[in-house]
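Letter by letter, the chains look like this.
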Amino acid sequence: MDQDRGDLAGAGHGRRAGPAAGREAAGEDVRFGVLGPLRIWRGHVSVPVRGRQRTVLGLLALNANLAVSRDTIAETLWRDDPPAGAAGIIQTYMSRLRRALDAGGQQGVSAAHLLRSGKAYTLRAAAGQLDMLAFDQFADRGRAAAEAGDGPAAAQAYAQALRLWRDEPLADVEDLRSHPSVVRLTRRRAFVTTEYAQVMCEAGWHDRALPYLRELTA
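These remarks concern the structure in this document. (Residues numbered from 1 in each chain as written. Predicted model: local features only at pLDDT ≥ 70, side-chain atom pairs only at ≥ 80, totals over all residues. Heavy atoms only, no water.)

### Let's talk about unusual backbone geometry
Glycine aside, residues mostly have negative phi angles, and peptide bonds mostly take the trans form.
Link 1 in the chain: Of note in this structure, Asn65 is not a glycine but carries a positive phi near 70°.
Link 2 in the chain: Among the secondary structure elements, Asn65 is positioned in the loop between α2 (53-62) and β4 (68-69).
Link 3 in the chain: For Leu170, which is not glycine, the phi torsion reads 50° and is therefore positive.
Link 4 in the chain: The topology assignment puts Leu170 in the loop between α7 (151-163) and α8 (180-202). (Helix = DSSP H or I, 4+ residues; strand = E, 2+ residues; numbered from the N terminus.)

### A closer look at the pattern of salt bridges
Link 1 in the chain: In this structure the tally under the stated criterion is 9 salt bridges.
Link 2 in the chain: Linking Arg143 and Glu195 is a salt bridge whose minimum nitrogen-to-oxygen distance equals 2.8 Å. Of this pair, Arg143 sits in helix α6 (residues 131-147) while Glu195 sits in helix α8, and the two are 52 residues apart along the sequence.
Link 3 in the chain: Arg143 gets classed as partly exposed once you look at its relative accessible area, which sits at 25%.
Link 4 in the chain: Among the ionic pairs, Arg189 bridges to Glu168, the shortest N-O distance being 3.8 Å. One end of the pair, Arg189, is in helix α8; the other, Glu168, is in the loop between α7 and α8, with 21 residues separating them in the sequence.
Link 5 in the chain: For Arg189, a relative accessible area of 13% gives the class buried.
Link 6 in the chain: One network of salt bridges, with partners in common, ties together Arg39, Arg54 and Asp172. (Salt bridge = Lys/Arg side-chain N within 4 Å of Asp/Glu carboxyl O. Buried < 20%, exposed > 50% of the residue type's maximum accessible area, 1.4 Å probe, protein only.)

### Here's the deal with the packing of α7 against α8
Each pair of packed helices can be summarised by the angle the axes make with each other and by the distance between the axes.
Link 1 in the chain: Two elements in contact, α7 and α8, have axes separated by 9 Å at closest approach and are oriented at 150°. In terms of crossing hand, the pair formed by α7 and α8 is left-handed. Contact with α7, carried on its side by Gly151, Ala154, Ala155, Tyr158, Ala159 and Leu162, involves Arg189, Val192, Thr193, Glu195, Tyr196, Val199 and Met200 of α8 and no other residues of that element.
Link 2 in the chain: Per-class residue counts for the contact of α7 with α8 are 9 nonpolar, 2 polar and 2 charged. (Axes fitted to C-alpha atoms, helices over the stretch in contact; angles between N-to-C directions. Left-handed = near helix turned anticlockwise from the far one by under 90°. Contact = heavy atoms within 4.5 Å. Nonpolar A, V, L, I, M, F, W, Y, C, P; charged D, E, K, R; others polar.)

### Section: the sheet that holds strand β5 (residues 114-117)
Link 1 in the chain: The sheet built from 3 strands is open, its strands ordered β4-β6-β5 with antiparallel pairing. The strands lining the two open edges of the sheet, one partner per strand, are β4 and β5.
Link 2 in the chain: Where β4 meets strand β6 (residues 120-123), 2 bridges bridge the pair, whose relative direction is antiparallel. Within the sheet, the bridge partner assigned to Ser69 lies in β6 and is Ala120.
Link 3 in the chain: α2 rests against β4, β5 and β6 of the sheet, and its axis sits at about 70° to β6. (Pairing = 2+ DSSP bridges.)

In structure tokens, the structure reads:
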């Protein structure tokens, strides 16, 4: 994702940008990546997150700016057999995530991103902070340009969207490998790939679409 920092940083606040849209938010230099192995950066520094906190963070990122209930988190972590005290364990995981995000000395960074409301948690992020949101925003731009008959603009936006992908979504988070949110995200990638290929073929640039189509077929 580092090689595409310009694409991610260049994405504006999308349709799921949350309450931070339109203004600078505390901790805005913290970025999250789910289009491949789970990654968290503070500026140019990778933030280590270990153990099942990775599953929790990945689940929240897949549902960015939406409240995720504690029961949903428990079901993702332990399926149908949550341990006694599951609520306390989840709260411990959240506390560790907040400490990890605050570790760079910017106190309150975690408070800007990890919110709690009753028995639910939310990861707040804008398109410039989460590659999944940037992907959706670039794809929307490409679709709008294609519908307007602007092939070059559509091609550029679709290419920016697809360049954000580093691997399968959350490839290193075993608990989320077959999660419905991951399946839906993978399908969105396939759909955008076919849209991009169509634009390329209509413009006569078949060779530019082939690498993405080969990857999709594989």
